[in-house]
Amino acid sequence: MIADIAVLPGDGIGPEVTAEAIACLTILAKRFAIGMRFTSYEFGGVAIDAQGDPLPEATLAAARAADGILMGAIGGPKWAGLAITPETGLLRLRKELGLFANLRPARMICGMEDLSPLRAELVAGIDILVVRELTGGLYFGEHILADDHASDVCAYSRAEIERIAHVAFQAAERRSGNVTSVDKANVLASSKLWRRVVTEVATSYPGVTLDHLYVDAAAMELIKNPKRFDVILTENLFGDILSDELSVIPGSIGLLGSASTGASGAGAGLFEPIHGSAPDIAGQDRANPAGMMESAAMLLAALGHASAAQALRDAVRDTLLDGVRTADLGGTARCSEFGDAVRARLQLSADAAA
Ligand code: IPM
Ligand code: MG
């Protein structure tokens, strides 16, 4: 079987990091005999420029039909003031495909603790998964913008909370067995329901412990004591904010990948790095492709190719530990050099295995 992968390189550094990751996937496909076909589609700002729509019909149809989606990054100052922005295309894509669960893992690579802005003893060994609800909450409530008044509605149904809670508890069962649910239940009605429903869902997972934190306290704990976290379960906006905060702990947002999955549609889901389009360094071969490679590894794992995923992660880790690092990590390696170094390692281990 050949897996159809819809590729959405997007804007800014998106195309550069996407190309590096696909070149790695191509080597892995050979080595592990994985059938994958990559087809690129316009999405984001480039699609606004070319077709007047950040999510053209053909792109949406291809994403829907695909076995998995690889996305680079979207957005930039060029489109920031428009009525329809690249971001609206991304939100629509998530909603149309029902990608309600956004998984954002952050791991401290052993031996790279000095890259963290936090002290090594605070961050050594951290391995945290943010499970962010992605198709509800403030992002998708009614938005009203008038001259003298504006409002955004934060709404959640019981069913929306239940399904994301199940994702978090099931992830915790495979990990260290703890879920920390983050809300603002001392103020918000949506959070009060969130806490009640998450507590109910927890009873189906006797092997998992559950605790609750208010989002302000969680923001503080992530810096003071990140090791206390295993799985963080939270709603859309809180997850957006906390996952950026978490991303600085391993050293750079450029290292982290993500998966957005749902009950139906888009096969294995949508895989993208956590970072944005970084227009300031776009086209300069200076971006860090590691986060895109981690996203590619998550795609491989979701397609059932766990060994190939691990081989890619190992090659990225060894490349970093050898000191091949892009500018965001204080290094001098170009984006393409980092990619070449990872692929050399993939090739080496392939030769060793043969
Ligand atoms: C993210 C991004 C998006 C979000 C933007 C680009 C709409 O920040 O994926 O975290 O807020 O969800
Ligand atoms: Mg974000």
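Residues numbered from 1 in each chain as written. Chains lettered and ligands numbered in written order. Predicted model: local features only at pLDDT ≥ 70, side-chain atom pairs only at ≥ 80, totals over all residues. Heavy atoms only, no water.

Visitor: It is not clear to me how helix α1 (residues 14–31) should be interpreted in this structure. Could you clarify?
Guide: Since the α-helix advances by 3.6 residues per turn, residues separated by three or four positions end up pointing in the same direction. Its 18 residues give α1 an end-to-end C-alpha distance of 26 Å, which sits within 8% of 26 Å, the value for a rise of 1.5 Å per residue. In the core, the buried residues of α1 are packed alongside β1 (2–10), β2 (35–40), β3 (68–73), α10 (290–302), α11 (306–321) and α12 (335–353). Count one or two residues on from α1 and you reach Ala33, which has phi positive near 50°. (Helix = DSSP H or I, 4+ residues; strand = E, 2+ residues; numbered from the N terminus. Expected span 1.5 Å × (residues − 1). Contact = heavy atoms within 4.5 Å.)

Visitor: What's the story with the site of ligand 1 in this structure? I'm lost.
Guide: In the vicinity of ligand 1, the residues found are Glu87, Arg94, Arg104, Arg132, Tyr139 and Asp240. Arg94 is positioned with one of its side-chain polar atoms (N or O) 2.8 Å from an oxygen atom of ligand 1. Arg104 places a polar side-chain atom, nitrogen or oxygen, 2.9 Å from an oxygen atom of ligand 1. A total of 320 Å² of accessible area belongs to ligand 1 in isolation, and the protein chains cover 76% of it. When its residues are assigned to classes, the shell around ligand 1 shows one nonpolar, no polar and five charged. (Near = heavy atom within 4 Å. Polar contact = N/O pair within 3.5 Å; in protein donor to acceptor, adjacent residues only side chain to side chain. Areas by Shrake-Rupley, 256 points an atom, 1.4 Å probe, with all protein chains shown as cover. Nonpolar A, V, L, I, M, F, W, Y, C, P; charged D, E, K, R; others polar.)

Visitor: Whenever I open this one, the pattern of salt bridges confuses me. Can you help?
Guide: Should the charged atoms of two oppositely charged side chains come close, the side chains can pair. By the definition in use, this model includes 23 salt bridges. Of the charged contacts in the structure, one is a salt bridge between Arg92 and Glu57, with a shortest N-O distance of 3.8 Å. Of this pair, Arg92 sits in helix α4 (residues 86–96) while Glu57 sits in helix α3 (residues 57–65); the two residues are 35 residues apart in sequence, bridging distant segments of the chain. For Arg92, a relative accessible area of 31% puts it in the partly exposed group. (Salt bridge = Lys/Arg side-chain N within 4 Å of Asp/Glu carboxyl O. Buried < 20%, exposed > 50% of the residue type's maximum accessible area, 1.4 Å probe, protein only.)

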